[in-house]
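# Survey of secondary and tertiary structure
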Amino acid sequence: MHKSDRRVILTLLVLAAVAIAVIMLTGGKKQKTPISSKETAISASKESAPAASTGLTDDTPEERVASQEDIVLFPFDPNTADSLQLQRLGLPHSIIHNIYKYRTAGGVFTKKEDFARLYGLTVKQYRELEPYIRISPDYLPAATLFQRKGKDNPQYAKHPEAAEQPEKPETPAYSHKLSPGETLDLSTADTTALMRIPGIGAYFARRIADYGRRLGGYVSLSQLDEIDGFPAEAKQYMTLSRTEVTKLNVNTLSLNELKRHPYLNYYQARAIVDYRRQHGPIGNLHDLHLLPDFPEEAISRLLPYVEY
């Protein structure tokens, strides 16, 4: 061949080799795409499987707790509540997982105390949810439907005549409610006595006693209206014979001790401590009236509970 022909042939071979290399590289990249997406799909399905088994969603981290704005307290049955309802109550996913695990293993919540035994549940969480727990009668032991009487009673062999007598139902103390015109003294009544008031059950009786303890004692029946949801019509059955209260010494108590009182928040307690540091002991609570945290209304309701 002539020298020029050899150059043409070599040039064509080089171009062909380059073209083949480009095709191979381009084709290899295209082949990797479906394999990668398939592996991704399989991996995603594997990761979502545990969440599905516990009723939790994939787009929520396992340990995330609902924010305060998202929490809604409502009556619920821990034997039937689903994961969305439990999340709305503010329970973290670890506790929701434990509830599902307990139910899957055949566990049944027959009383409120059973819910308190959940692993990971704190005292604060239980106290917030306890008033809203409702256990359906369907989950009580079946034996509660029957009561052995007569000859079926084990005591029949010893006292057959007594076994034939119908059993008298137990009547708890203060089972009857007050009649119109009857009253009780709020300053001496305990929770059992408070439950005699129409419209007051165990929940509000406990709330009334707890709030009175935090205040240091009631000075007016109108303070009961400060309890969320308190039935105002119940006040007609109450009197207040004593108004002695436990008082706060605003010149000696610390910030943490002051802010525990229902009528003092953190900012007001800090304002008292700052005033003492800058001006010395407080001689009269009205000395604080120029402070923005102490309007006249706040001073008036706090006056019965302070000393100097």
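### What about the layout of surface pockets?
Of the volumes computed, that of the largest pocket is approximately 380 Å³. Elements represented by at least two residues in the lining of the largest pocket include exactly α5 (123–129) and α8 (202–215). Looking at the lining of the largest pocket element by element, the count peaks at four residues for α8. Taken together, the residues of the lining of the largest pocket sort by class into four nonpolar, no polar and seven charged.

### Considerations on the nonpolar core
Buried together is how nonpolar side chains tend to be arranged in soluble globular proteins. Ile197, Ile208 and Phe230 are the most contacted members of the largest nonpolar core, which totals 39 residues. Broken down by secondary-structure element, the contributors of at least two residues to this core are α8, α9 (255–258), α10 (266–279) and α11 (296–302). Not counting residues within four places of it along the chain, the set of residues in contact with Ile208 comprises Leu186, Leu194, Ile200, Tyr218, Leu224, Ile227, Phe230 and Met238. Counting residues in each nonpolar core, the second largest holds 17 residues, with Ala81, Ile99, Leu121 and Ile133 among its members.

### Here's the deal with the pattern of salt bridges
Applying the stated rule across the entire model yields eight salt bridges. Ionic pairing is found between Arg117 and Asp114, a salt bridge with its closest N-O pair at 2.9 Å. In this structure, Arg277 engages Asp274 in a salt bridge whose closest nitrogen and oxygen atoms are separated by 2.8 Å. Here Arg277 pairs with Asp274, and both are found in helix α10, just three residues apart, close to one helical turn. Given the relative accessible area of 58%, Arg277 is considered exposed. The network of salt bridges with common partners includes Lys111, Asp114 and Arg117.

### Overview of the environment of Ala271
Positionally, Ala271 belongs in helix α10. In this structure Ala271 comes out as buried when scored by relative accessible area, which is 13%. Along the chain, Ala271 and Leu291 lie 20 residues apart, while their C-alpha atoms are 7.8 Å from each other.

### What about the side chain of Glu130?
Inspection of the secondary structure puts Glu130 in the loop between α5 and α6 (160–163). Residue class for Glu130 comes out buried when judged on its relative accessible area of 18%. The contact partners of Glu130, leaving out residues within four places of it in the chain, are Lys112 and Arg206.

### Some remarks on the packing of aromatic side chains
As enumerated under the stated definition, the model contains eight aromatic pairs in all. With a centroid separation of 4.9 Å and an interplanar angle of 50 degrees, the aromatic rings of Tyr102 and Phe109 are classed as tilted. The interplanar angle of 85 degrees and the centroid separation of 6.3 Å between the aromatic rings of Phe204 and Phe230 together place this pair among those described as edge-to-face. With Phe204 in helix α8 and Phe230 in the loop between α8 and β2 (238–239), this pair connects stretches of sequence that are 26 residues apart. Comparing Phe204 with Phe230, the two get one shared label, buried. Through successive ring pairs, a cluster of aromatic residues spans Phe76, Tyr102, Phe109 and Phe115. It is Arg103 that lies over the ring of Tyr100; its NZ or CZ is 5.0 Å from the centre.

The rules behind the values
- Residues numbered from 1 in each chain as written.
- Predicted model: local features only at pLDDT ≥ 70, side-chain atom pairs only at ≥ 80, totals over all residues.
- Heavy atoms only, no water.
- 1 Å grid on protein atoms, 1.4 Å probe; cavity = no way out; pocket = protein on both sides within 12 Å on 5 of 7 lines; lining within 4 Å.
- Points joined across faces, edges and corners; volume = space filled by probe spheres on them.
- Helix = DSSP H or I, 4+ residues; strand = E, 2+ residues; numbered from the N terminus.
- Nonpolar A, V, L, I, M, F, W, Y, C, P; charged D, E, K, R; others polar.
- Core = buried A, V, L, I, M, F, W, Y, C linked by side-chain atoms within 4.5 Å.
- Buried < 20%, exposed > 50% of the residue type's maximum accessible area, 1.4 Å probe, protein only.
- Contact = heavy atoms within 4.5 Å.
- Salt bridge = Lys/Arg side-chain N within 4 Å of Asp/Glu carboxyl O.
- Phe/Tyr/Trp six-rings, centres within 6.5 Å; stacked < 30°, edge-to-face > 60°.
- Lys NZ or Arg CZ within 6 Å of the ring centre and 35° of its normal.

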